[in-house]
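Below, each chain spelled out in residue letters.
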Amino acid sequence: MASAMTMTQKILARRAGKESVKAGELITAKLDLVLGNDITSPLAIKEFEKIGVSKVFDREKIALVPDHFCPNKDIKSAQQAKDVREFAKKYGIKNYFEVGQMGIEHALIPEKGLVTAGDVVIGADSHTCTYGALGAFSTGIGSTDMATGMAAGELWFKVPDAIKVVLKEKPQKYVSGKDVILHLIGLIGVDGARYMSLEFSGEGVASLSMDDRFTIANMAIEAGAKNGIFPVDDKTMEYINAHSNKPYEVFEADADAPYAQTVEINLSTLDYTVACPHLPSNTKTVKDIGEVKLDQVVIGSCTNGRIEDLRVAAKIMKGKKIAPGLRCIVFPATQNIYLQAMEEGLLKTMVEFGAAVSTPTCGPCLGGHMGILAAGERCLATTNRNFIGRMGHTESEVYLASPAVAAASAITGKISAPEEVEK
Amino acid sequence: MKLTGKTHIFGDNIDTDVIIPARYLNTIDPAELALHCMEDIDAAFVDKVQKGDIMVAGYNFGCGSSREHAPIAIKGSGISCVIARSFARIFYRNAINIGLPILECDEILSEISEGDCLEVDLSAGTILNKTTGKSYSSEAFPEFMREIIEAGGEIEYIKKKLGEGVD
Ligand code: SF4
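Residues numbered from 1 in each chain as written. Chains lettered and ligands numbered in written order. Predicted model: local features only at pLDDT ≥ 70, side-chain atom pairs only at ≥ 80, totals over all residues. Heavy atoms only, no water.

Chemist: Whenever I open this one, the overall build of chain B confuses me. Can you help?
Modeler: A tally of helices and strands in chain B yields seven helices and seven strands. In sequence order, chain B lays out its α and β elements as β-α-α-α-β-α-β-α-β-β-β-β-α-α. Relative to the 2.2 N^0.38 estimate, which gives 15 Å for 167 residues, the radius of gyration of chain B is 16 Å and therefore close to what a compact globule would have. Projected onto its principal axes, the C-alpha positions of chain B cover 50 × 40 × 25 Å. (Helix = DSSP H or I, 4+ residues; strand = E, 2+ residues; numbered from the N terminus. Rg over C-alpha atoms; globule rule 2.2 N^0.38 Å.)

Put into structure tokens, the structure is as follows:
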């Protein structure tokens, strides 16, 4: 008899053509999508050419997104973007997204319907784990794995053990997916889920929007996880049906699936959570953080640059003015989100508020361009990493929080809860 | 294969942003990347490091981004091997794939000083601290990963596999 499996293990077993798999087992699984960006793809292309195959395994199952240093930030980046563009052309890669039609990869790929439930996805970007929100197994790998994936259409994996995260009840107004995942990382640490899956479950899942789930799965890597994954429910299917024609398959963890650990989070008692420098696990609630003055606020990234994030930020900013001396930069994550935010008047609200609104790019999230910090400067960002030097000078500081906290903080100039500005 | 070199010691959670900051990722040239290896945590590292030296670190080495530029920069700086209490999983894969030897060893870090001379036997998985005379063992790689390492990295491995006409 097949032994009980987690949701992740079931997907891996199916794509490896096996009836069952166990944690620790090394398997080879078929790939439904191989993803790369303008930083990781050039290296993958170089390695791919060494393999000596004349074509990629499937022109429709590779996605190339120039988002990190694009629109090109300097001459060298322009060359890297050009190399990716030419590779896409040479091999007839269908899913290449040019500046003007692109977005940050992890917001763009689900929006374009390129991942659906039950898929196995690898991406040469650590936040590829985002698509677990759709009930897919997706994980970050490096450029050489991307190269072999593009050539062979399969890759080896070590079947992961899992941590079960049980979500209970509902979050309060303005408490979001970002607070859930920061709270969890604070609990288990930046390597708390190393080599493991984070499998979310419980009745609390239903109260989370798809955008919340994307945010949570996105940051699974910040706990060291191989992947984060959500069960497929009505909201997931509605999202998939609205964005994709691809067939999908729904997997469910067995009731007696083996978990290394179970963590319970009561969403109703969660408070606004902030990760202080220099680790995502260094969390405090806004209440306990004291007075933290800011030089810059960034709203965007693959973690929190989606339409709901912009809606909540604009709602809090509406009719208010940015704190004197502060810079606020907003990055809608895709062209589509940008357009939608424009149509809903969110961008107007933000510009009137005093924020700079940028075209979709990773930009400042990784200290690339468009908002780099000087020595001694402090930024609150809705991004996912606050390592030393992540957004600029090694003596700058990054605090991570939700869009609601970011917007409120942009009004006061210090880390603040939304209620403080809505009085 | 035996490697001998002086140690450079780092702490826990050494992330890929400090191994090679993103601002230098507009190139894939190993020599250029190596010039900035560990710059944000130890600006003097690239001047101190000598060919064959060994990096020793704590838990979760290489956490963060998937950038393969990180093990490439380390290898390019002259480091012959990284020993850590544990590695982040993407870094672990990347190091194997590009042929940077890595070993997991828990005990060594608490009994080592900067600059100690180590001798590492990769096939046996043993580490000898020649300065203190103490020896340590680390877990051997699973057979499958040894095949990748022996083939000279993942590209050579997959070349062989595709050449054999696997599906
Ligand atoms: S927005 Fe930031 S974390 Fe997301 S893909 Fe871009 S650089 Fe990486």
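Chemist: I tried to follow the packing of helix α6 (residues 177-188) of chain A against helix α7 (residues 210-218) of chain A on my own but got confused; where do I start?
Modeler: When two helices pack together, their arrangement is captured by the angle between the axes and the distance separating the axes. Residues and elements named next belong to chain A. In contact at an axis separation of 8 Å, α6 and α7 are set at 25° when each is read in the N-to-C sense. One way to sum up the angle between α6 and α7 is to call them roughly parallel. The hand of the α6/α7 crossing is right-handed. Contact residues: Gly 177, Lys 178, Val 180 and Ile 181 in α6; Asp 212, Thr 215 and Ile 216 in α7. Partitioned by chemical class, the residues of the contact of α6 with α7 number three nonpolar, two polar and two charged. (Axes fitted to C-alpha atoms, helices over the stretch in contact; angles between N-to-C directions. Parallel < 35°, antiparallel > 145°, perpendicular 65-115°, else oblique. Left-handed = near helix turned anticlockwise from the far one by under 90°. Contact = heavy atoms within 4.5 Å. Nonpolar A, V, L, I, M, F, W, Y, C, P; charged D, E, K, R; others polar.)

Chemist: Looking at this model, I keep getting lost on the site of the ligand. Mind explaining?
Modeler: Residue and element names in this part refer to chain A. Around the ligand, 13 residues are found, and the nearest of them are His 127, Cys 302, Cys 362, Cys 365 and Asn 384. Put simply, the parts of the chain that give the shell around the ligand at least two residues each are α4 (105-111) and α9 (301-304). Classifying every residue of the shell around the ligand gives five nonpolar, five polar and three charged. (Near = heavy atom within 4 Å.)

Chemist: Hey, could you run me through the packing of aromatic side chains in this one?
Modeler: Aromatic ring pairs are reported here in terms of the distance separating the ring centres and the angle at which the planes meet. Residue and element names in this part refer to chain A. One pass over the full model with this rule turns up 14 aromatic pairs over all chains. Measuring from centroid to centroid gives 5.5 Å for Phe 48 and Phe 87, while their planes differ by 85°, and the two rings are edge-to-face. With Phe 48 in helix α2 (residues 41-51) and Phe 87 in helix α3 (residues 75-90), this pair connects stretches of sequence that are 39 residues apart. Comparing Phe 48 with Phe 87 shows no difference in burial state: the two are buried. Consider the rings of Phe 214 and Tyr 239, whose centres lie 5.4 Å apart with planes at 65°: the pair is edge-to-face. A residue pair is termed long-range when its members are at least 10 positions apart, and Phe 214 in helix α7 and Tyr 239 in helix α8 (residues 234-243) qualify at 25 residues. (Phe/Tyr/Trp six-rings, centres within 6.5 Å; stacked < 30°, edge-to-face > 60°. Buried < 20%, exposed > 50% of the residue type's maximum accessible area, 1.4 Å probe, protein only.)

Chemist: How do you make sense of the interface of chain A and chain B when you look at a structure like this?
Modeler: For interface size, the figure often reported is the accessible area lost on association. Contacts between the two partners involve 52 residues from chain A and, on the opposite side, 44 residues from chain B. Of the roughly 4000 Å² buried between chain A and chain B on both sides combined, carbon and sulfur atoms contribute 58%. In this assembly, chain A and chain B are joined by four salt bridges. Its salt-bridge partner being Asp17(B), residue Arg390(A) comes within 2.9 Å of it at the nearest N-O pair. Seen at the junction of chain A and chain B, the total is 19 residue pairs in polar contact (both at pLDDT 80 or more). (Buried area = accessible area lost by both parts, 1.4 Å probe. Salt bridge = Lys/Arg side-chain N within 4 Å of Asp/Glu carboxyl O. Polar contact = N/O pair within 3.5 Å; in protein donor to acceptor, adjacent residues only side chain to side chain.)

Chemist: Explanation requested: the pattern of salt bridges in the structure shown.
Modeler: Oppositely charged side chains can pair when the atoms bearing their charge come close. All names here are of chain A. Applying the stated criterion across every chain, the model contains 35 salt bridges over all chains. Measuring nitrogen to oxygen at the nearest pair gives 3.0 Å for the salt bridge that ties Lys 348 to Glu 352. One end of the pair, Lys 348, and the other, Glu 352, are both in helix α12 (residues 346-353), four residues apart, so they sit about a helical turn from each other. Exposure remark for Lys 348: the relative accessible area of 55% places this residue in the exposed category. What you see here is one network of salt bridges that share partners, running through Arg 15, Asp 32, Asp 119 and Lys 246.

Chemist: Got a minute to help me understand the nonpolar core in this structure?
Modeler: Side chains of nonpolar character tend, in soluble globular proteins, to be buried together. Membership of the largest hydrophobic core comes to 191 residues, with the highest contact counts inside it found for Phe157(A), Leu198(A), Ile415(A), Phe61(B), Ile74(B) and Phe91(B). Here the element with the most residues in this core is helix α13 (residues 403-412) of chain A; it accounts for seven residues. Formed jointly, this core draws a minimum of three residues from each of two domains, domain 1 (7-265) and domain 2 (273-420) of chain A. Beyond its immediate stretch of four places on either side in the chain, Leu198(A) contacts Ile163(A), Val165(A), Leu184(A), Ile188(A), Ala193(A), Ala220(A), Ala223(A), Ala225(A), Asn227(A), Gly228(A) and Ile229(A). Residues Leu3(B), Ile83(B), Ile108(B) and Leu109(B) belong to the second largest nonpolar core, which totals 14 residues. (Core = buried A, V, L, I, M, F, W, Y, C linked by side-chain atoms within 4.5 Å. Domains from an automatic or database assignment.)

Chemist: Which parts of the structure should I look at to understand the sheet that holds strand β6 (residues 137-140) of chain A?
Modeler: Backbone hydrogen bonds are what pair the strands of a sheet, in a parallel or an antiparallel way. All names here are of chain A. With respect to topology, five strands assemble into an open sheet ordered β4-β3-β2-β5-β6, the strand pairing being parallel. Single-partner strands in this sheet number two, and they are β4 (95-96) and β6. The pairing of strand β3 (residues 62-65) with β4 spans two bridges and is classified as parallel. Bridge pairing in β4 places Leu 64 opposite Tyr 96. Set on the sheet, helix α5 (residues 143-152) makes contact with β2 (33-37), β3 and β5 (120-123); between it and β2 the angle comes to about 140°. (Pairing = 2+ DSSP bridges.)

Chemist: Can you walk me through the sheet that holds strand β11 (residues 261-266) of chain A in this structure?
Modeler: All names here are of chain A. Across the sheet, which stays open at both edges, the four strands sit in the order β10-β9-β8-β11 with parallel pairing between neighbours. The open sheet has two free edges, formed respectively by β10 (227-229) and β11, since each of these has just one partner strand. Each strand axis lies, on average, 20° off the axis of its neighbour in the sheet, ignoring direction. Inspection of the sheet shows strand β9 (residues 197-201) paired to β10 by three bridges, in the parallel sense. Bridging across to β10, Ser 197 finds its partner in Asn 227. Across the sheet, helix α1 (residues 7-15) touches β9 and β10, and the angle it forms with β10 is around 110°.

Any functional reading would require information beyond the geometric quantities listed.
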